[in-house]
Amino acid sequence: LSYGPFYRIDTDEVTELQIRSKEIWGKARRNIYQGINPAVKAYTQWIGGETARGIVFTTEVPPDPDSWAPPGQVQWSGERPGVYVEDDYVKINALEIDYYP
Amino acid sequence: MTLNSSQRLKQLEDIVPETAPVAMIRQDVAAISKQNNLEFHESYDDLDFLVFATLYLHPASRVSLVAHRHSPTPGIEICVCHNQQNIAELISETLTKLDLTPNDLTWLHPNYEQQFSELVKDRPEQVMLRD
């Protein structure tokens with residue numbers, strides 16, 4: 001199964017790193033095992049026009065239920081299969097990922 | 001987002017601990033800023049560019065009000081600390097502080113719906129959330 005496409009507006013540096021690693025990152029704070037889990041976040045639509053820059057991606061990792069994220073967004077929180085924490089980042093693997101637009 | 005435009009900004013997670021969205025209100029930044037004399041600051045997170053303001057509540061608690069620049073759904077997110085307790089109370093206090101009602105919520109995290117509904121059940125307004 002493939003989920004997406006999803007979109008994020010990122011810095012050129014972060015975009016490059018994510019495309020090279022085929023990983024999507026969400027910054028976590030140190031106390032991530034308490035209370036609300038931090039999450040990888042993405043938009044379900046692109047409304048950045050031609051001037052904003054970012055990535056488009058698909059993933060095999062199912063997002064959290066729609067109602068867990070604000071309208072227009074999806075998220076992956078964990079830890080659960082496919083959602084993992086490395087250093088200060090929550091990560092999921094992308095199936096396909098590219099620059100957007 | 002370009003690197004040049006973000007170089008001058010600090011990432012939201014490096015500025016405030018209140019970054020976990022738990023609710024969203026329909027108002028826009030200009031209206032909330034003007035009515036509450038709140039100053040919004042430029043920042044960004046893993047999703048997008050954004051503006052945010054810190055809203056101080058009683059007693060000694062606070063939330064971040066966050067509006068992403070390119071969100072498909074306009075509105076302002078109410079964000080709390082990842083280890084925050086009594087989140088439904090914070091959401092209720094935020095609405096009160098901003099002179100809003102539960103009808104102004106366009107999204108509420110399902111983990112807090114029941115507790116929030118109990119908190120506001122004596123209010124005359126109906127809690128109406130998105131489908």
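Our structure is the block above this text.
Conventions used here
Residues numbered from 1 in each chain as written. Chains lettered and ligands numbered in written order. Predicted model: local features only at pLDDT ≥ 70, side-chain atom pairs only at ≥ 80, totals over all residues. Heavy atoms only, no water. Pairing = 2+ DSSP bridges. Helix = DSSP H or I, 4+ residues; strand = E, 2+ residues; numbered from the N terminus. Axes fitted to C-alpha atoms, helices over the stretch in contact; angles between N-to-C directions. Buried < 20%, exposed > 50% of the residue type's maximum accessible area, 1.4 Å probe, protein only. Contact = heavy atoms within 4.5 Å. Salt bridge = Lys/Arg side-chain N within 4 Å of Asp/Glu carboxyl O. Polar contact = N/O pair within 3.5 Å; in protein donor to acceptor, adjacent residues only side chain to side chain. Nonpolar A, V, L, I, M, F, W, Y, C, P; charged D, E, K, R; others polar.

Draft legend 1. Here's a closer look at the sheet that holds strand E1 (residues 20-25) of chain B. Residue and element names in this part refer to chain B. Pairing is antiparallel in the open sheet, where 6 strands are placed in the order E2-E3-E4-E5-E1-E6. The open sheet has two edge strands, strand E2 (41-44) and strand E6 (105-108), and neither has a second partner. Across the sheet, the mean angle separating the axes of adjacent strands is 35° when strand polarity is ignored. When strand E3 (residues 49-57) meets strand E4 (residues 61-68), the two strands line up antiparallel, connected through 8 bridges. Directly across from Leu57, in E4, lies its bridge partner Ser61.

Draft legend 2. Highlighting the pairing of strand E5 (residues 76-80) of chain B. Residue and element names in this part refer to chain B. In terms of residue burial, E5 counts as a mostly covered element, since 5 of its 5 residues are buried. Taking every second residue as pointing to the same face, both faces of E5 are buried, with Ile76, Ile78 and Val80 on one and Glu77 and Cys79 on the other. Where E1 meets E5, 5 bridges bridge the pair, whose relative direction is antiparallel. Within the sheet, the bridge partner assigned to Met24 lies in E5 and is Glu77. Pairing of E4 with E5 involves 3 bridges; the strand directions are antiparallel. Looking at E5, one finds that Leu65 is bridged to Ile78.

Draft legend 3. The arrangement of the interface of chain B and chain A in detail. Across the boundary between the two partners, chain B contributes 35 residues, which contact 33 residues of chain A. For the pair chain B and chain A, the number of links is 2 salt bridges. For the salt bridge of Asp45(B) with Lys41(A), the shortest nitrogen-to-oxygen distance reads 3.3 Å. Here chain B is connected to chain A by 10 residue pairs in polar contact (both at pLDDT 80 or more). Counting residues per element, the side of chain B that touches chain A draws most heavily on E1(B), which supplies 4 residues. Of the residues belonging to the side of chain B that touches chain A, the class tally is 17 nonpolar, 11 polar and 7 charged.

Draft legend 4. Geometry of the side chain of Asp64(A). All names here are of chain A. With respect to the secondary-structure elements, Asp64 resides in the loop between strand E4 (54-59) and strand E5 (73-77). Looking at Asp64, the relative accessible area reads 5%, which means it is buried. Polar contacts involving the side chain of Asp64 include one to the side chain of Ser77, which spans 2.6 Å.

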